[in-house]
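What the coordinates show
One letter stands for each residue in the lines below.
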Amino acid sequence: MKTKINILWASMSGTAENVAQQFEKKAIEADFDVNISELNDVSMNDLSEMKNVAIITSTTGVGDLPTNGDDFWLDLEKCSKDFSNLNYSVCALGDRSHEIFCGAGNKVNKKLMELGAKQIIEIQECDGSDEGSDEWGNEFIRKVA
């Protein structure tokens, strides 16, 4: 049976969505069973059933998730579930010229660690573009394989 990877994304301008789609192609080529979803389409119960999760999000406002990830964050923020069966990593897109760099990805990462999820590779912070996301995706696939 193929190993499954869930790719969860939130994007304002489309860059994070594009990174998620590129990662999906890479994971399928590496023979993984892949599910890709907008963050807001994932409940905490859904998340607790997942094993390998790649989260890709841009940052908007003052360190906030995009609107298509905001409901997910509000649920995660107040969640107290045990996520110790979850292997994950975050690819955070941001811009160093803003007061809070990659704030959305960093707060999701921090909360998942607090809930016991296992960070399989360090968070990838991309400044102003998707630079670094390809290497992050390759490393994620290596770790999950």
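That block above? That's the structure.
Below you will find a few notes about this structure.

So, how was this worked out
Residues numbered from 1 in each chain as written. Predicted model: local features only at pLDDT ≥ 70, side-chain atom pairs only at ≥ 80, totals over all residues. Heavy atoms only, no water. Core = buried A, V, L, I, M, F, W, Y, C linked by side-chain atoms within 4.5 Å. Buried < 20%, exposed > 50% of the residue type's maximum accessible area, 1.4 Å probe, protein only. Helix = DSSP H or I, 4+ residues; strand = E, 2+ residues; numbered from the N terminus. Contact = heavy atoms within 4.5 Å. Axes fitted to C-alpha atoms, helices over the stretch in contact; angles between N-to-C directions. Left-handed = near helix turned anticlockwise from the far one by under 90°. Nonpolar A, V, L, I, M, F, W, Y, C, P; charged D, E, K, R; others polar.

1. With respect to the nonpolar core
L47, L76, F83, L86 and L112 are the most contacted members of the largest nonpolar core, which totals 27 residues. Residue assignment for this core shows that the elements contributing at least two residues are β1 (4–10), α2 (44–49), β3 (52–58), α3 (67–77), β4 (87–94) and α4 (103–114). If sequence neighbours within four positions are ignored, L86 has contacts with L47, M50, K51, V53, L112, A117 and K118. Within the second largest apolar cluster, 20 residues are counted, among which are I5, W9, V19 and L93.

2. What about the packing of helix α1 (residues 15–29) against helix α5 (residues 133–144)?
Here α1 crosses α5 at 35°, and the two axes come no closer than 10 Å. The way α1 lies across α5 gives a crossing that is right-handed. Residues V19, F23, K26 and A27 of α1 lie in contact with α5, whose contacting residues are S133, D134, G137, N138, F140 and I141. Looking at the contact of α1 with α5 residue by residue, the class counts come to five nonpolar, three polar and two charged.

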